Amino acid sequence: MKHFFVLLLAAALVFSLAGCQSASGNNDWNHVPAEEFCGLTYTGSLTLSYAHEFAVDYYEGGYTLLSIANGDQFLVVSEEAGVPETDVPVIQQPLSDVYLVATAAMCLFDALDGLDAITLSGTKADGWTIENARLSMEAGDIAYAGKYSEPDYELIVSSGCRLSVQSTMIYHSPEVKEKLEELGIPVLVDYSSYETHPLGRTEWIKLYAALLGKEDEAEALFREQEEALNSMTSEEPTGKTVAYFYISSTGGYAVVRKSGDYVTQMIALAGGKYLFDDLGDDETATATVSMTLEEFYATAKDADIVLYNSTIDGQLNTLEDFLSLNPLLGDFKAVSEGNVWCTNANLYQDMTRLGTVTEEMHQIFAGTAGDEMEFFYRLV
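Residues numbered from 1 in each chain as written. Predicted model: local features only at pLDDT ≥ 70, side-chain atom pairs only at ≥ 80, totals over all residues. Heavy atoms only, no water.

Here we take up the overall build of the chain. For the chain, the helix and strand inventory stands at 13 helices and 18 strands. Its C-alpha atoms give the chain a radius of gyration of 22 Å, within 12% of the compact-globule value 21 Å for 380 residues. Taken over the C-alpha atoms alone, the chain extends approximately 65 × 45 × 40 Å along its principal axes. The 380 residues of the chain split such that 50% are buried. In the chain, the proportion of contacts linking residues at least 24 apart, taken out of those at least 6 apart, comes to 61%. When the accessible surface of the chain is totalled, it reaches about 17000 Å², and 49% of it is carbon and sulfur. Counting 19 positive and 59 negative side-chain charges, the chain places the centres of these two groups 4 Å from one another. (Helix = DSSP H or I, 4+ residues; strand = E, 2+ residues; numbered from the N terminus. Rg over C-alpha atoms; globule rule 2.2 N^0.38 Å. Buried < 20%, exposed > 50% of the residue type's maximum accessible area, 1.4 Å probe, protein only. Contact = heavy atoms within 4.5 Å. Areas by Shrake-Rupley, 256 points an atom, 1.4 Å probe, with all protein chains shown as cover. Lys, Arg positive; Asp, Glu negative; His and termini not counted. Charge placed at Lys NZ, Arg CZ, Asp CG, Glu CD.)

Below is the structure:
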């Protein structure tokens, strides 16, 4: 225990070193790059096609400034460059010893062949649908260090953690973020969930590529998904109406997506018409709305296509499983026509493939879907 507190003190002393102030930044926020930062000379910024919640600015000599929508910034320093005096958290390459809690980011590290940079996870091995993440944890290469609200501080410090990647859930436990920063561990909050366009979420791969020094790989992966999306959005809308939902195991409510979020955007891009397109923003930050089965039935019973979100309360295996959720579902048009589809468990953890997800939706709506799909399967 004495050794633990010595480590805490050392980390706090390192973090207390201060120099030039953080540059102003906001993207939707209307981000304006600093022409001069910490004596560094600005050379340009990363052009983003869909993402609005982060920015990447470049400076001479191997320095990259990352700005997040919440105003936080991080200075990435190449292996060959010196570290300037700054109060902005510094991340020296090569990136290593990351405590990754934001589940959406794991697939991006995996796609970039960057799992070796992650030492600690906020999700246990059996919670991952990303096979390489699960295998790395089972092999002991990545250890479980507690969820966002209950981290194992002693393990985190003793592991030499250099960066924690959190989701916005961390704001429900602000004391955890403060404690990690007190220990000298920068906390990068992933705002990809605030991107409304599906490829805006996928484009966050470019932020993690800047951390890993793998910008070219990220660009190639992103263009592949953009091409998948563009290959079918040029086609005429299918005209098919779509209900995307799940039945809550507590209370039996139907939970649907708000209009305008990234899932409903994918439905529209795939040529479908989302039936609950009048559910806009309200006072809450959630992307879903709960309603009684009777309210849901009145709008959704004549849907051409049902996409059942089984990632919340477990996957369904058969149409009978679906019908057992509530007797009203048996009267749905999509049931009688054999157009009830279920999401695979990997849908929400694989943000790198949202172009492919949208492409599969289009195949379902157009009636060309095959038996072997990555993200959906028909219930029979």
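There is more to say, and it comes next.
The next thing to look at is the nonpolar core. Ranked by internal contacts, the top residues of the largest apolar core, which has 111 residues, are Tyr208, Leu211, Phe245, Phe296, Leu307 and Phe322. In terms of residue count, the dominant contributor to this core is helix H7 (residues 205-212) (seven residues). Leaving out residues up to four positions away in the same chain, phenylalanine 322 has contacts with Phe245, Val306, Tyr308, Leu316, Leu329, Val335, Val340 and Leu379. If you look at the next biggest cluster of nonpolar residues, it comprises eleven residues, including Cys38, Tyr63, Leu75 and Val88. (Core = buried A, V, L, I, M, F, W, Y, C linked by side-chain atoms within 4.5 Å.)

Turning our eyes to something else, we now look at the side chain of threonine 168. Along the chain, threonine 168 turns up in the loop between strand E10 (163-166) and helix H5 (174-182). Judged by its relative accessible area of 17%, threonine 168 falls in the buried class. Setting aside its immediate chain neighbours within four residues, threonine 168 contacts Val189, Asp190, Tyr191, Ser193 and Tyr194.

Here strand E17 (residues 340-343) shows a buried face lined by Val340 and Cys342 and a second buried face lined by Trp341 and Thr343. Relative to E17, strand E16 (residues 305-308) runs parallel, the two sharing three bridges. What sits directly across from valine 306, in E17, is valine 340. Relative to strand E18 (residues 376-378), E17 runs antiparallel, the two being bridged by three bridges. Its bridge partner lying in E18, cysteine 342 is registered against tyrosine 377. (Pairing = 2+ DSSP bridges.)

The next thing to look at is the packing of helix H2 (residues 103-111) against H7. The N-to-C vectors of H2 and H7 enclose an angle of 55 degrees; their axes lie 10 Å apart at closest approach. In terms of their interaxial angle, H2 and H7 are classed as oblique. Where H2 crosses over H7, the handedness of that crossing is right-handed. Here H2 contributes Ala105, Leu108, Phe109 and Ala111 to the contact with H7, which in turn contributes Ile205, Tyr208 and Leu212. Residue classes in the contact of H2 with H7 are distributed as seven nonpolar, no polar and no charged. (Axes fitted to C-alpha atoms, helices over the stretch in contact; angles between N-to-C directions. Parallel < 35°, antiparallel > 145°, perpendicular 65-115°, else oblique. Left-handed = near helix turned anticlockwise from the far one by under 90°. Nonpolar A, V, L, I, M, F, W, Y, C, P; charged D, E, K, R; others polar.)

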